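# Architecture at a glance
What follows is each chain in one-letter form.
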Amino acid sequence: TVSVVTTGLSKTIINTSETFTTGNNVAIGEVVTYQIALNLPTGLALDNVVVTDRMDKGLAFVDCVSVNLAGTDITATVCPPTVSAITDPGDPATNPANPGRQVQFNIGNVTAPTAASTLVIQYRAIVLDVIENQETNELKNSATLTWTGGSVTTSAPEVIIVEPDLAIDKTATPTTVTAGTSIQFTLTISQTALSSADAFDVVVTDVLPDGLEY
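About the criteria used
Residues numbered from 1 in each chain as written. Predicted model: local features only at pLDDT ≥ 70, side-chain atom pairs only at ≥ 80, totals over all residues. Heavy atoms only, no water. Pairing = 2+ DSSP bridges. Helix = DSSP H or I, 4+ residues; strand = E, 2+ residues; numbered from the N terminus. Core = buried A, V, L, I, M, F, W, Y, C linked by side-chain atoms within 4.5 Å. Buried < 20%, exposed > 50% of the residue type's maximum accessible area, 1.4 Å probe, protein only. Contact = heavy atoms within 4.5 Å.

Turning to the sheet that holds strand 1 (residues 9-16), a few remarks are in order. Paired through backbone hydrogen bonds, the strands of a sheet run either parallel or antiparallel to each other. Across the sheet, which stays open at both edges, the five strands sit in the order 1-3-9-5-6 with antiparallel pairing between neighbours. For this open sheet the edge positions go to strand 1 and strand 6 (72-73), each flanked by a neighbour on one side alone. Pairing analysis gives nine bridges linking strand 5 (residues 59-69) to strand 9 (residues 117-127), with the strands arranged antiparallel. Note on strand 9: the bridge partner recorded for Leu69 is Leu119.

Right, dumping it as structure tokens:
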């Protein structure tokens, strides 16, 4: 029984929310849809089934999409799941990257199917705007299935953080003036060679020193 369940558990990424990222690249604020699937062989019953999902610091649970058992929608029974924080050793509990990192889906007893079927869980997680999420960081997401008499763990492909990196340049024309002369300032903002994502909600602030008036 254990070997059959072990080979039948998988976890995948089925969707991400942003079109400007590709593959497993994700940006801050992007929502990733994960799927946990368990193949249920004919005649195999499992008691007290619980699926526990643990995410790396930088990911957090958003919501439940669906839970389907052998063709039956059981979302209303299983969701919302139990969501809790994970605090790594030496990390303060107040770290905003900790909440929502663990999700527990209580499935209950799974009766022996008369034909091969599946248990499929889909849910969403967000890439947090926290200091831990830096360019090229890889975030893992694992799921453990437990039942009376056994357990098995699987992992989804890692998601990779991509971030914009901007440069700003400022010039003035002319650079030597007398009182009352107009000066044209030019601000040039551009992506650097290190940048790997589009930049949104960009705000530029230019504070004029004493002696200059807009």
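Read on for the rest.
Moving on, we come to the nonpolar core. Within the largest apolar cluster, 37 residues are counted, with the highest numbers of intra-cluster contacts made by Val67, Phe105 and Ile107. Within the residue set of this core, elements represented by two or more residues are strand 3 (31-40), strand 4 (46-55), strand 5, strand 8 (102-110), strand 9, strand 11 (141-147) and strand 13 (159-161). In this structure, Ile107 is in contact with Val49, Val51, Val67, Ile74, Val78, Leu119 and Ile121, ignoring residues within four places of it in sequence.

Right, let's get into the pairing of strand 5. Alignment of strand 5 against strand 6, held across two bridges, turns out to be antiparallel. Bridge pairing in strand 6 places Asn68 opposite Asp73. The hairpin turn running from strand 5 into strand 6, its antiparallel successor, is two residues long, and Ala70 in that turn takes a positive phi close to 50°.

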